[in-house]
Structure formats: C-alpha cells, structure tokens
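Chain by chain, the residues:
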Amino acid sequence: MISQANKKQRSTTYSVPSPIAGWNTKDALADMEPTYAVVLENWWCTSTDLQIRRGYANFVTGLVGNVETLMSYNAVNGTRKLFAVTSSGNLYDVTTQGAVGVALVTGLANGRWQYIAFATPGGNFLLACNGADSMLRYDGTNWVSITAITGAVISSLTGNGTTSTVTTLTPHLMRPGNTITVTGASVAGFNVAAVSITVTGANTFTYLSTGTPSATGASYVSGEGISGINTQNISNINNFKTRIWFTKANSLSAFYLPSLAIAGAATEFPMGSVFSMGGYLQTMATWTIDAGSGSDDNAVFLSSEGEVLVYKGTDPASSTTFALVGLYRQADPIGNRSIIKYGGDLMAITDQGVFALSRSILTAQVTEVDALTDKIRPTMAAAVNANRGFGWELCIYSPLNMLLINVPNTVGGNYQFAMNLITKAFTKFTGWNASCFCSSGSSLYFGSGTNVCIAWTVDTDNTLPITAKALPAFSNFGTESINKKLNLVRPILTSAGMPQFLIGINYDYDTITVPTGLLNYSSPSAGMVWGSMTWGTMKWGGLLASLKAWQWAGGIGYVASMGIIATNNGSETHWSAVDYVYETGGIL
C-alpha cells in the first residue's frame, strides 16, 4: 500500500496601510498604488492615518434668507467679529453663538459679497462689494455705504434749529453712520462739516445743524465717497502694496485708490489692449514670488477667458515704477471666489482643476498633471461640468493644513473636496451642505441654509452621527496572477468611543459591491458582534484603544480590497492599516 502524506495549505498574512495618499479617481485600478483609495468619503487624511472627519454644530441660527457670505474682522486689539450676509439682502453680526439678532444692514440686492481687510493709521477696516449695491465699509463700530463723493441733488432742506431734514431727487444710498459735509446753503446754519446722518428713507436723511427754517442752494459730499467709479459696479476687491484695487463688472479695467486711502478718487487702470482674448476681469490677487533677488509682491489680474496678467511695482501711475511682467494663459477661472492666497503662492479654481499659480504660469508647459486636483481629475471635471454657478469657493483651514474646495450641487446638497496641504492627499466630505466658508483664527465656519455653523469642534453633524466610506486600492498581496482565498481580515483602528463598522471584501476590481447591513446610532454593547462569513459588523466600546479583532472574510480572487462603512457614534476614530490572512491557489 502506498501512503500519501497529508498536504496542508499554509496561510499567509499580508498588511496594507490605510489609504493615506488619498482619493484617486484618475489612475487605472490595476495600476494604483496601495496607499490610494478608489472611494474615500468623510475620512480625513493625516500624514500617518485616516480619521473620520469631525463634525459641526449650529453656531448662529434663524437668519432671514440663506447665508451666502461670511466675513471675518480682526480689530487692532485682537478682538474678532464675524458677519454673515444672506440671500434676502440682510447683513448680521454672527460673532456670538445663539439665535441671531437684528440685522445690521438690510435691503441689499444679494448676499454674494467679496471683501478684504485693510489697515490704515486710522484703524482696521473691512471693505466689501457685490457688483450691485454700493460698497460697504466696516470700521469696528458701523457699517457704512461707500457712495459717490458728490451727493445726490437736494430737492428740499428744512430745519428746526437742531435737526435738519434733507430730501434728495434720487436715492442717496447712504446708511446710518455715513458722514457728510454740507456747503452752499442760503442759510449758513445748515452748512456743516463731517457730521453723521440718520437715515429716514431712501430719499431722506437728517443731520444736526442750527439751520432754520429752510434753505436753498445746498449740496453735500460724502465723507466715505469714492469718485472715478460707481461703487455699485465693483465686482471684486484686492489689497496690493498699501493700495485698494477694484475690478469693475463686465470690464477689462481695474481701478485703484491712493496709498493707504479708503475713500477718495479712484484711478482707472485699463488693460483691454493687453489682454488678447477679450472677456472681463474676473478677479485680482497679490502673488509673492522670488525671482532671484528676494521675494516681492506682484499684482495678478485674471480674466474670464483664463488669461493672467502679472505686474510688478509700486505706483501704477508711473510706467517706471509699475511694469508688465507678462501675459500668461491658464484654464478659465470658476466664479468670483476662485482664487486664494496660501503662503506666497496663489491657488485658483479653473475648469481644468485647482492650480497653484507657481505651477500654472512659471513652467514652460502646463498640463492637467500640474493641477493640485490631478488625482481626482475626472471627478473634478464632472463637478465643474455639472454646475459652474455660485458656491465654488476655496478655503484654507490652517490648524489642519486643510484646503477645502466647496462644490455646489443642486441634487443632494453641496459637498467638499478636502486636501491635506502637506501630503496633497484628497478626500470627499459630504454632510456639510455649505454655501460659503470662513476660517477665522482657529475656528472654521460655514453657512448652511439660514444658519451659521462651526466645524471641526464636535464628532457629530449637528447631533447626528458621521458615516464614512472607503474602498482602498486593490492588492495582489505580492503575487500576480495567482488566485487567493481570503480567510480573515481585520482593520487596525483606534477609537475613543463606540463606533460601528460594516466591512466586506471586493475582488478583482469590483467597485460596485458595498458592505451591507444596518448601522444604528446607539451605544452598542462592548465587545465584538460577528457577522456572516462574507460581511461583518463590528462594535466596540471603551476608552481610547487599538481595535484589531479578526473578521471572517471568504471568497476567492486574484486581487482584493476591504471596503468599509463606518459610523463614529460621536467618537474620535482613526484607521491605520488592514491585515489579511489568505491561502494561495493556482492560476485558474
């Protein structure tokens, strides 16, 4: 008799790091590095692991209209204030958490404002424009309108010896806190210098004077006025080398004020003959580059057609002190909030992705590979093609080195592409239906509907759990073209609470199948709850701890990846790796 020795298949272990390189929708599945993910939603990529993103809480509630702009003001004494403008044309102080107070400004044409902070020897200011209303200026106390220097024609001027009432032929466009100087009145008591007004109507206001009973021949000028451009036509604003610059709607001209001025005569800087493709000025920004003799600021003008004009110098009134560096071409910018400064560089949203200006115009040849969004190129392109309207915005949250790209989405709510500025890893955030963002100090705010929300302070989305999804790149476990039978799998996680997970194994580049089961937002019992051979549900509880219990896997394939759906149950949760136990078979 011939005895046959027992043959025993040996199991092999294989470990794959969590996909800290981020979301990748560009590369072929069979050629993707193991630290990328085919699906990555609501995981934040740190430099060492993945963390279920933190959530948000309502900060200020009950605003009238949807929040479309958030503006941060920083006083010279370090005091911070936050303002919101809504679609109903109201401007609110939203510095203090709770129910919103009375609107500071009403009657605005829209809620989509661009703004800058600007400091002069007279104090710190916010200046804001929307291309429809007169510009607004905040001085730490009052919001005032920046109108024309020359006031509206006075049709009637009366007084009682204390208060004078002015009626104008056309709307005066001023707001409480604006100041005027009145001259030329036939009764000298009506003539005053730099007095504040009280607005009583669109064509009426009062001011303090000794004039009585009436006068003729009077005119007034605004103490906050700007001449040379109708401030209702200012679509964007920038601060460059102590000067405030404006872009005019539907124009290829920019305008600038004198150095350190917040009012006065604006001078036109026409560029229509320099731009070669027409269109209009989309925005202006300040770009710091080092051309070999130390860093210097440059003025950058972006047109709607993707042309970029760069100027260098100080005084634009003189060609000897302000000169053209070059005209460059990049992709078309998206929206009025398409550009942001990061360090000395500029980042811009275009119809071909988000580019750093240092890459898009300083290199001999620019391709989509140079885009910061290169690894999510198809997804970014699809988002732009689906909606090029209001909502696109860049925001940098410095405490996390996070770049947020807000994406408008009419179906299912707005979402964000989030990039780690150090590792360049991308992910997708859902659940934040944000219309606008603002980073102020160490806090991150966004507008959502009629509320202002504060983000990254809690581990729930306004008391609801956060659900994260991932499908890492497929792995052949170091052996190509060989079947593997997976027996066990375990994600290596760390949690400070009791999160819940569904996991499943996807084989041979199957990106459709997802883990199935029910995730309940409740406090699960401590310990492991085992699922079926293919799918499992895990529940943990306790203090901050490493979680690495094995799950049955099952199934056969040449390559595999562990899909995961996780609900954090309000706890901080991290994911560092996946371990597999498998047996090898043959080619077939």
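In this text, all values refer to a predicted model and were calculated from it rather than measured experimentally.

When helices and strands are counted, the protein chain shows two helices and 50 strands. Counting only C-alpha atoms and orienting by the principal axes, one finds that the protein chain spans roughly 135 × 55 × 40 Å. Buried residues in the protein chain amount to 51% of all 588 residues. Relative to all contacts within the protein chain whose residues are 6 or more apart in sequence, the contacts with residues 24 or more apart total 61%. For the protein chain, the exposed area adds up to about 24,200 Å²; of that, 53% sits on carbon and sulfur atoms.

Among the seven residues in strand β12 (residues 123-129), seven count as buried, and that is most of the element. Bridge count between strand β11 (residues 114-120) and β12: seven bridges; the pairing is antiparallel. If you follow Y115 over to β12, its bridge partner there is A128. Where β11 hands over to β12, the hairpin turn is made up of two residues, counted between the paired strands. Two strands pair when backbone bridges link them, and β12 and strand β13 (residues 135-138) are joined in this way by three bridges, in the antiparallel orientation. The residue of β13 that forms the bridge with L127 is R137. Connecting the antiparallel pair β12 and β13 is a turn made up of five residues, with G131 showing a positive phi of about 75°.

What follows is about the sheet that holds strand β21 (residues 219-222). With respect to topology, three strands assemble into an open sheet ordered β18-β17-β21, the strand pairing being antiparallel. Bordering the open sheet on either side are β18 (192-196) and β21, each of which pairs with just one other strand. Ignoring strand direction, the axes of neighbouring strands in this sheet form an average angle of 30°. The pairing of strand β17 (residues 179-183) with β21 spans four bridges and is antiparallel. By the bridge assignment, V182 is partnered in β21 with Y220.

So, on to the layout of surface pockets. Empty space among the atoms can be located by rolling a probe the size of a water molecule over them. Size it by volume and the largest pocket reaches roughly 1,100 Å³. Mapped onto the lining of the largest pocket, the elements with two or more residues apiece are β7 (67-74), β11, β23 (234-240), β28 (281-290), β32 (339-342), β35 (393-397) and β39 (436-440). Ranked by residues supplied to the lining of the largest pocket, first place goes to β39 with five residues. There is about 460 Å³ of room inside the second largest pocket. Lining the second largest pocket are 23 residues; nearest its centre among them are V105, T106, S145, M174 and R175. Only β13, β14 (143-146) and β19 (198-201) provide two or more residues apiece to the lining of the second largest pocket. A class-by-class count of the residues in the lining of the second largest pocket yields twelve nonpolar, nine polar and two charged.

With that settled, the discussion passes to helix α2 (residues 377-386). When α2 is considered as a whole, its buried residues turn out to be M380, A383 and V384. With its buried residues spanning 95° around the axis, α2 presents them on a single face. Projecting away from the buried face of α2 at angles above 90 degrees are the exposed residues N385 and A386. Its buried side turned inward, α2 meets β33 (345-350), β34 (353-356), β36 (402-407) and β37 (415-420).

A few words on the sheet that holds strand β16 (residues 163-168). If you trace the four strands from one edge of the open sheet to the other, you get β15-β16-β20-β19, paired in antiparallel fashion. The open sheet has two free edges, formed respectively by β15 (154-159) and β19, since each of these has just one partner strand. Here the average twist between neighbouring strands, direction ignored, is 25°. Pairing of β15 with β16 involves five bridges; the strand directions are antiparallel. In the sheet register, L157 faces β16, and the bridge partner there is V166.

A separate point is empty space enclosed by the protein. Scanning the entire structure with this criterion turns up one cavity of 30 Å³ or more. The volume enclosed by the largest cavity comes to roughly 50 Å³. Lining the largest cavity are V16, P17, P472, A473, S475, A560, S561, M562, V578 and Y580. If you tally residues by element for the lining of the largest cavity, the top one is strand β49 (residues 560-567), at three residues. Looking at the lining of the largest cavity residue by residue, the classes come out as eight nonpolar, two polar and no charged.

Right, let's talk about the confidence of the model for the protein chain for a bit. Taken residue by residue, the protein chain gives an average pLDDT of 90. The fraction at 70 or more is 90%. Across residues 520-542 the pLDDT falls below 50, and counting only partners more than four positions away or on other chains, this stretch makes 77 contacts in the model.

To continue, consider the state of the cysteines. By the definition in use, this model includes zero disulfides. Here C45 is not disulfide-linked; the sulfur of C395 is the nearest cysteine sulfur, at 18 Å. What makes C45 buried here is its relative accessible area of 0%. Just so you know, C129 is unpaired, no disulfide at all, and the nearest cysteine sulfur is the one on C436, 15 Å from it. Under the relative-accessibility criterion, C129 is labelled buried at 0%.

So, about the pattern of salt bridges. A pair can form between side chains of opposite charge whenever their charged atoms are brought close. Inspection of every chain in the model, using the stated rule, returns 13 salt bridges. With a shortest N-O distance of 3.6 Å, R329 and D332 are connected by a salt bridge. Among the residues examined, R329 registers a relative accessible area of 44% and is labelled partly exposed. For E393, the salt bridge goes to R337, with nearest N and O atoms at 3.8 Å. Taken together, the positions of E393 in strand β35 and R337 in the loop between β31 (322-329) and β32 put the pair 56 residues apart, joining distant regions of the chain. Since its relative accessible area comes to 13%, R337 is described here as buried. Connected via shared salt-bridge partners are K26, D27, D374, K375 and R377.

Reading the values: the criteria
Residues numbered from 1 in each chain as written. Predicted model: local features only at pLDDT ≥ 70, side-chain atom pairs only at ≥ 80, totals over all residues. Heavy atoms only, no water. Helix = DSSP H or I, 4+ residues; strand = E, 2+ residues; numbered from the N terminus. Buried < 20%, exposed > 50% of the residue type's maximum accessible area, 1.4 Å probe, protein only. Contact = heavy atoms within 4.5 Å. Areas by Shrake-Rupley, 256 points an atom, 1.4 Å probe, with all protein chains shown as cover. Pairing = 2+ DSSP bridges. Axes fitted to C-alpha atoms, helices over the stretch in contact; angles between N-to-C directions. 1 Å grid on protein atoms, 1.4 Å probe; cavity = no way out; pocket = protein on both sides within 12 Å on 5 of 7 lines; lining within 4 Å. Points joined across faces, edges and corners; volume = space filled by probe spheres on them. Nonpolar A, V, L, I, M, F, W, Y, C, P; charged D, E, K, R; others polar. Arc of directions from axis to C-beta. pLDDT = per-residue confidence, 0-100. Disulfide = S-S within 2.5 Å. Salt bridge = Lys/Arg side-chain N within 4 Å of Asp/Glu carboxyl O.

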